[in-house]
Structure formats: C-alpha cells, structure tokens
Amino acid sequence: MQTYYYVLASQHFLLEEEPMEEVLRERTRYYHEQEKEIDFWVVKQPAFLEAPQMAQVKAKCPQPAAAIISTNQQFITWLKLRLEFVFTGEFQAPSEGIPDPLASLAAVS
C-alpha cells in the first residue's frame, strides 16, 4: 500500500479562486527539468471521500469538492501553507475502502 496525501477544498475555491493552474504548471516544469516523475494529481469529486473512514472529512468540505493528491507529503504541506482555506490529510491505498486513490465521481464530458 502507498500513502497518499491531499489538499481538499470546494472545486470553486481550489480551481477557480486560486491560481492553481499556474502553480501546477510551474511544478510540472520543475519536475521535467529534474527528470522526476509526476507525483501529484488534480481530482474533481474525489471518490476517496466516499470511504467510510473519510465521512467526517467529507462532511466538513463544501461540495462539489476537488483535491490535489500526491505521494509527496512536503508538496502537500507547502500547498496548505500557501492556500490556507483547505483541508489536508492522508490515506492508504489501494484498500477495501479506497480501491483507486485517484478515482473521480465527476461525470466525464
């Protein structure tokens, strides 16, 4: 099992109010320069919130939610410091409650 760390907020806040596109583009560029594999993902309506152990987290976050999920704890800590109004946490996956850590409940358009 792998530990995944996340920053969670409403989709509106995370994807529209904050300049996340610029932050993630810069992070991606840096990873390419360092020849490092991408270890973060943006997930709209993350399915991990449906796991029983995540019920309290889901109840606190305005819906629909969005998350930035990473295997890099330092990156998530940095995002938390930068964004302020977000929830952070971690989970283990794959597991019975969270079979796919990057799954989304959002409809594909």
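Located above this text is the structure these notes cover.
Below is a short write-up of the structure. Nothing here was measured: the structure is a model prediction, and the numbers come from that model. (Residues numbered from 1 in each chain as written. Predicted model: local features only at pLDDT ≥ 70, side-chain atom pairs only at ≥ 80, totals over all residues. Heavy atoms only, no water.)

Comments concerning the environment of W78
Item 1. In this structure, W78 sits in helix 4 (residues 73–83).
Item 2. The class of W78 is partly exposed, set by a relative accessible area of 43%.
Item 3. Spatially, the C-alpha atom of W78 lies 23 Å from that of A103, the residues being 25 residues apart in sequence. (Helix = DSSP H or I, 4+ residues; strand = E, 2+ residues; numbered from the N terminus. Buried < 20%, exposed > 50% of the residue type's maximum accessible area, 1.4 Å probe, protein only.)

What about the packing of helix 2 (residues 20–33) against helix 4?
Item 1. At a minimum axis separation of 13 Å, helix 2 and helix 4 run at an interaxial angle of 150°. As judged from the angle between their axes, helix 2 and helix 4 are roughly antiparallel. For the crossing formed where helix 2 meets helix 4, the hand is right-handed. Two secondary-structure elements touch here, helix 2 through M20, V23, L24 and R27 and helix 4 through F75, W78, L79, R82 and L83.
Item 2. When its residues are assigned to classes, the contact of helix 2 with helix 4 shows 7 nonpolar, no polar and 2 charged. (Axes fitted to C-alpha atoms, helices over the stretch in contact; angles between N-to-C directions. Parallel < 35°, antiparallel > 145°, perpendicular 65-115°, else oblique. Left-handed = near helix turned anticlockwise from the far one by under 90°. Contact = heavy atoms within 4.5 Å. Nonpolar A, V, L, I, M, F, W, Y, C, P; charged D, E, K, R; others polar.)

Considerations on the packing of aromatic side chains
Item 1. Using the criterion set out here, one finds 9 aromatic pairs in the structure.
Item 2. Considering the side-chain rings of F13 and F85, the 6.4 Å spacing of their centres and the 80° angle between planes classify their relative orientation as edge-to-face. Here F13, found in helix 1 (residues 11–17), pairs with F85, found in the loop between helix 4 and strand 4 (87–93); they are 72 residues apart in sequence, far enough to count as distant.
Item 3. Members of the aromatic cluster, each reached through a chain of ring pairs, are Y30, Y31, F40, F75 and W78. (Phe/Tyr/Trp six-rings, centres within 6.5 Å; stacked < 30°, edge-to-face > 60°.)

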